[in-house]
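# Chains, contacts and geometry: an overview
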Amino acid sequence: MNTPNTTGKQLLSFLRWCLVCMGPVAWLPLSCSGAPDAPVAPKGPNILLLVADDLGYADLGCYGGDIDTPNLDALAASGIRFTRFHTAPMCAPTRAMLLSGQYNHIAGMGRQNLQAPVFGYEGRLTGRVIPLPALLRQAGYHTWMAGKWHLGNAPGEGPQDKGFEKSFVLLEGVGNHYNGQGIFANGASHYEEDGKPVAWPAGRYSTNVYTDKLIGYMDGQAADGRPFFAYAAFTAPHWPLQVAPTHWKKYEGRYNDGYEALRAQRLQSLKEAGMIPA
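Residues numbered from 1 in each chain as written. Predicted model: local features only at pLDDT ≥ 70, side-chain atom pairs only at ≥ 80, totals over all residues. Heavy atoms only, no water.

### A short note on the overall build of the protein chain
- Summing up its helical and strand segments, the protein chain has eight helices and six strands in all.
- In the protein chain, the succession of α and β elements from N to C terminus is α-β-α-α-α-α-β-β-β-β-α-β-α-α.
- Each of the 278 residues in the protein chain was classed as buried or not, and the buried ones make up 42%. (Helix = DSSP H or I, 4+ residues; strand = E, 2+ residues; numbered from the N terminus. Buried < 20%, exposed > 50% of the residue type's maximum accessible area, 1.4 Å probe, protein only.)

### Concerning unusual backbone geometry
- Omega for the peptide link from alanine 236 to proline 237 comes to 5°, which places this bond in the cis form.
- Within the fold, proline 237 resides in the loop between strand S6 (228-233) and helix H7 (245-248).
- Each neighbour pair has its own omega, and for tryptophan 239 with proline 240 the value is 5°, a cis peptide bond.
- In this structure, histidine 150 takes a positive phi of about 65° despite not being glycine.
- Locating histidine 150 in the fold gives a position in the loop between strand S2 (142-148) and strand S3 (166-170).
- Positive phi, close to 55°, is recorded for aspartate 194, a residue that is not glycine.

### Some words on the nonpolar core
- With 21 residues, the main nonpolar core has Met145, Trp149, Leu151, Phe229 and Tyr231 as its most contacted residues.
- Secondary structure elements with two or more residues in this core: strand S1 (47-51), helix H3 (91-100), helix H5 (132-138) and S6.
- Contacts of phenylalanine 229, omitting those with residues within four sequence positions, involve Ile47, Leu49, Leu132, Pro133, Leu136, Tyr141, His142, Thr143, Trp144 and Phe164.
- In this structure, Phe168, Leu170, Tyr210 and Met218 belong to the second largest nonpolar core, which totals 16 residues. (Core = buried A, V, L, I, M, F, W, Y, C linked by side-chain atoms within 4.5 Å. Contact = heavy atoms within 4.5 Å.)

### Description of the environment of tyrosine 141
- Inspection of the secondary structure puts tyrosine 141 in the loop between H5 and S2.
- In sequence terms tyrosine 141 and proline 227 are 86 residues apart; their C-alpha atoms lie 5.2 Å from each other.
- Excluding residues that lie within four positions of it along the chain, tyrosine 141 makes contacts with Gly44, Pro45, Ile47, Leu136, Glu165, Arg226, Pro227, Phe228 and Phe229.
- Of note is the side chain of tyrosine 141, whose polar atom sits 2.7 Å from the backbone oxygen of proline 45. (Polar contact = N/O pair within 3.5 Å; in protein donor to acceptor, adjacent residues only side chain to side chain.)

### Here we look at the sheet that holds strand S5 (residues 196-198)
- In space, the six strands of this open sheet follow the order S1-S6-S2-S3-S4-S5, with mixed pairing throughout. On the outer flanks of this sheet lie S1 and S5, each paired with one strand and no other. The sheet shows a mean angle of 15° between the axes of neighbouring strands, taken without regard to direction.
- As paired strands, S3 and strand S4 (residues 191-193) are joined by three bridges and run antiparallel to one another. Bridge pairing in S4 places valine 169 opposite glutamate 192.
- Contacting S1, S2 and S6, H3 runs over the sheet at an angle of about 170° to S6. (Pairing = 2+ DSSP bridges. Axes fitted to C-alpha atoms, helices over the stretch in contact; angles between N-to-C directions.)

Keep in mind these values describe shape, not function.
Rendered as structure tokens:
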């Protein structure tokens, strides 16, 4: 069984491929005819967007946490740590805003797991917005995604319909990290690659699978010299809380004092890291 043991090495290899763009992305207009313009000669940087699911604000070492995250800490040391980034209270609305640059009701995701014939609650990315990958693809970028989609399950609502050239995704909002077994009573989780149903590679940990998929897309297409936008939408550390023994044993006993003690410790460590006022 593959476990998260190799995740750090995978991510480091992954990041070596990428020039991480910290600056603004140009928003390019689509043709008024509705047909995409011919791609212009690309000169932009590669863009790698890493999203962790339900990660605590103070979990990473670079934000004052006591969990070992050396590769992410190294990225933060050479980049920018945001201190006023805000999300929606739920997952899907946040993802809708992230990929559209619009208020989540405008994007069509007023609330997750709700589809209604009401403006703003369509439960998918609507035609009122032009998703970021569609804009970048028009500008000559490769656009790839691996991980959690959670922005519409019906035909015409998947990542391949919203600008992603290649994708391997979990359609729902949560799944088992080691297999395709569903979390809820309605059966198995649903995975698609480029819009077609696929099976989960049983026994492999989710972060490893998604990382390998994106590396594979890069290996297959990066030689043409075009820049890429790669969206790694990891499902970890969202529940179910599954992790290899080599990881949880490392921290065994560290949190025996309970939540209230940890809350006080994390508040102090955030201050020491300069994330909140002392």
